[in-house]
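# Tertiary structure, described
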Amino acid sequence: MAIRIDGGVTAPKGFTAAGVHCGIRRNRTKRDLALIVSDRPASAAAVYTQNLVKGAPLTVTKAHLENGIAQAIVVNSGIANTCAADGIEKAEAMCALAADALHLPVNDVLVASTGVIGPSIVLDPIEAAMPALAAAVSKEGGTDAAEAIMTTDTVKKEFAFRVTLGGVDCTLGGIAKGSGMIAPNMATMLCFLTTDAAIDSALLDAALHEVVGDTFNMLSVDGDTSTNDNVILMANGAAGNAVITEKNEDYAAFVEALHTLCADLCRRLAKDGEGATKLLETKVYGAKSVEDARTIARSVNRSSLLKAAMFGADANWGRVLCAIGYSGADVDVKGVKVSFLSKAGSVTVCENGAGIVFDEDVAKTVLTEDEIVIEICLSDGDAKATAYGCDLTYDYVKINGDYRT
């Protein structure tokens, strides 16, 4: 069982990080360049957006990860380095600058970028800041790195957990950014995960893909899959556990801890959605298959009409049924039960696919809270899934109306 501890990406042994303002962003005080470093080569794995328009950093990172080994990640915010003619050249140059400053092989450095799509990234401020950034990496620098990767985020996202593997205490940590343009397909906006557990790179890749399917791929703020979605996981083995080389009990415990970490990051990302006032968790039970459960949960979570109703604390359960109906899942709509839950209580609003009498005042009280669970119970099987999202507010339009200018 994973236990939450203080910290983030530098909580595991052997990892340090830093974040500085170098001048990419117009805000002259906002950190916009980060480094995450392992003190030794680490097994590494990543998942990437399936958007056909991909940021140049993803192409470079994928090439550098062909051997399953990495030791550092360099990240900038402000400019996405996507759809720029010189994107690959600039991403490779960022890796080279970090490699020189850290005295590492360039292929052991991964790169990520986030921000406005289109402009060519200017290397001068990155080159000028890199020596000081590399010198600043420390165990305390994880929070600065978490800030440096933010764009429209209003809060930093960082968590850490401890788990026992083969009798040895191991730690997993992570930071993430993302507030809008989130409807991942294989990843999220940007997420960087670290662990001091020792695990074979092929199994690390398998664990990451397994967990992403239940966490980041179940997250949506606005239905837009970003060009730069990327989750990177590094495992450096500094904890000293026996290397996990097969899918045994230690592997299962590692996957469970990784799932716990990623689910918490998803909740934080969803709650900080652009303009959001509420975290929405759509929980589906009793589906015919896991894929049907996921399809239904994602469909409900992405419904603009439902998201608007949750903003207004309106128990408009018909919008839940509507989203189930067009989801494409194999479901008996006459066996659907819907309830809304929060720390203020719960209210059932639909049974057997039809409305029932409920207290509107109670429903309003339940839906006024800032964390809402939409519980959908089906009668088709025993599969389940959870999706993460947020409400749709006036501020979402305001933020995105002038995001670039």
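Look up a bit, the structure's there.
The present account deals with the structure reproduced in this document.

Calculation criteria
Residues numbered from 1 in each chain as written. Predicted model: local features only at pLDDT ≥ 70, side-chain atom pairs only at ≥ 80, totals over all residues. Heavy atoms only, no water. Pairing = 2+ DSSP bridges. Helix = DSSP H or I, 4+ residues; strand = E, 2+ residues; numbered from the N terminus. Polar contact = N/O pair within 3.5 Å; in protein donor to acceptor, adjacent residues only side chain to side chain. Patch = residues over 30% accessible without salt bridge, like charges linked within 9 Å, V, L, I, M, F, W, Y side chains within 5 Å. Areas by Shrake-Rupley, 256 points an atom, 1.4 Å probe, with all protein chains shown as cover. Salt bridge = Lys/Arg side-chain N within 4 Å of Asp/Glu carboxyl O. Lys, Arg positive; Asp, Glu negative; His and termini not counted. Charge placed at Lys NZ, Arg CZ, Asp CG, Glu CD. Buried < 20%, exposed > 50% of the residue type's maximum accessible area, 1.4 Å probe, protein only. Core = buried A, V, L, I, M, F, W, Y, C linked by side-chain atoms within 4.5 Å. Axes fitted to C-alpha atoms, helices over the stretch in contact; angles between N-to-C directions. Parallel < 35°, antiparallel > 145°, perpendicular 65-115°, else oblique. Left-handed = near helix turned anticlockwise from the far one by under 90°. Contact = heavy atoms within 4.5 Å. Nonpolar A, V, L, I, M, F, W, Y, C, P; charged D, E, K, R; others polar. Phe/Tyr/Trp six-rings, centres within 6.5 Å; stacked < 30°, edge-to-face > 60°.

## Some points on the sheet that holds strand β10 (residues 279–287)
Pairing in this open sheet of six strands is mixed, and the strands run β13-β12-β11-β14-β10-β15 from one edge to the other. One side of each edge strand has no neighbouring strand; the edge strands of this open sheet are β13 (354–355) and β15 (383–390). Examined bridge by bridge, strand β12 (residues 345–351) and β13 share two bridges and lie antiparallel to one another. If you follow Glu-351 over to β13, its bridge partner there is Ala-354.

## A look at the environment of Thr-365
Structurally, Thr-365 can be placed in helix α10 (residues 360–367). The spacing of Thr-365 and Val-336 is 29 residues in sequence and 23 Å in space, taken between C-alpha atoms.

## Considering the pairing of β12
The two faces of the sheet receive side chains in turn, since in a regular strand these alternate between them. Where strand β11 (residues 337–342) lies against β12, five bridges are found, and the strand directions are antiparallel. Residue Ser-339 lies in a different strand from β12, and its bridge partner there is Thr-348. What sits between the antiparallel neighbours β12 and β13 is a turn of two residues, in which Asn-352 has the positive phi angle 55°.

## Considering the side chain of Lys-157
Looking at where Lys-157 falls in the secondary structure, it is placed in strand β6 (residues 157–165). Side-chain polar atoms of Lys-157 contact the backbone oxygen of Val-155, separated by 3.3 Å. A distance of 2.6 Å separates a polar atom in the side chain of Lys-157 from a polar atom in the side chain of Asp-272.

## Regarding a negative patch on the surface
The grouping of Asp-314, Asp-359, Glu-360 and Asp-361 at the surface amounts to a negative patch. Of note, Asp-359 is situated in the loop between β13 and α10.

## Comments concerning the pattern of salt bridges
For the structure shown, the criterion picks out 17 salt bridges. Lys-283 is the salt-bridge partner of Glu-281, the closest N and O atoms lying 3.6 Å from each other. The burial state of Glu-281 is the same as that of Lys-283; both residues are buried. As a salt-bridge pair, Glu-291 and Arg-298 come within 3.2 Å of each other at their nearest N and O atoms. Taking the relative accessible area as the measure of exposure, Glu-291 reaches 42% and is therefore partly exposed. Connected via shared salt-bridge partners are Arg-4, Asp-264, Arg-267, Glu-281 and Lys-283.

## So, the nonpolar core
Counting 78 residues, the largest nonpolar core has Leu-193, Phe-254, Phe-340 and Ile-376 as the members making the most contacts within it. In terms of residues, this core owes the most to one element, helix α6 (residues 249–271), which gives 13 residues.

## Overview of the packing of helix α7 (residues 290–302) against helix α9 (residues 318–325)
Closest axis-to-axis distance for the α7/α9 pair is 8 Å, and the angle between their directions is 130°. The orientation of α7 with respect to α9, classified from their angle, is oblique. For α7 against α9, the interelement crossing comes out right-handed. Where α7 approaches α9, its residues Ile-296, Ser-299 and Val-300 are matched on the opposing element by Val-320, Ala-323 and Ile-324. Counted by class, the contact of α7 with α9 contains five nonpolar, one polar and no charged residues.

## Brief notes about the packing of helix α5 (residues 201–214) against α6
At a minimum axis distance of 9 Å, the contact between α5 and α6 shows a crossing angle of 45°. In terms of orientation, α5 and α6 fall into the oblique class. Crossing angle aside, the handedness with which α5 passes α6 is right-handed. Note on element contacts: α6 touches α5 through Tyr-251, Phe-254, Val-255, Leu-258, His-259 and Cys-262, opposite Leu-203, Leu-204, Ala-206, Ala-207, Leu-208, Glu-210, Val-211 and Asp-214. When its residues are assigned to classes, the contact of α5 with α6 shows 11 nonpolar, one polar and two charged.

## Structural notes on the packing of aromatic side chains
Tallied over the entire structure, the rule returns one aromatic pair. Centre to centre, the rings of Phe-311 and Tyr-394 are 5.3 Å apart; their planes meet at 90°, and the pair counts as edge-to-face. Of the two residues, Phe-311 sits in helix α8 (residues 304–311) while Tyr-394 sits in helix α11 (residues 394–401), which places them 83 residues apart along the sequence. For Phe-311, a relative accessible area of 27% translates into the label partly exposed.

## Considerations on the pairing of strand β9 (residues 230–235)
Most of β9 sits out of view: six of its six residues are buried. Covered by surrounding structure in β9 are Asn-230, Ile-232 and Met-234 together with Val-231, Leu-233 and Ala-235, the residues of both alternating faces. Examined bridge by bridge, strand β3 (residues 33–48) and β9 share six bridges and lie antiparallel to one another. Bridge pairing in β9 links Ala-45 to Leu-233. Pairing analysis gives six bridges linking strand β8 (residues 190–195) to β9, with the strands arranged parallel. Within β9, the residue paired with Cys-191 across the bridge is Val-231.

## Focus: unusual backbone geometry
A positive phi angle, near 65°, is found at Cys-83, a position not held by glycine. Inspection of the secondary structure puts Cys-83 in the loop between β4 (69–79) and α2 (87–102). Of note in this structure, Ala-313 is not a glycine but carries a positive phi near 55°. By secondary structure assignment, the location of Ala-313 is in the loop between α8 and α9.

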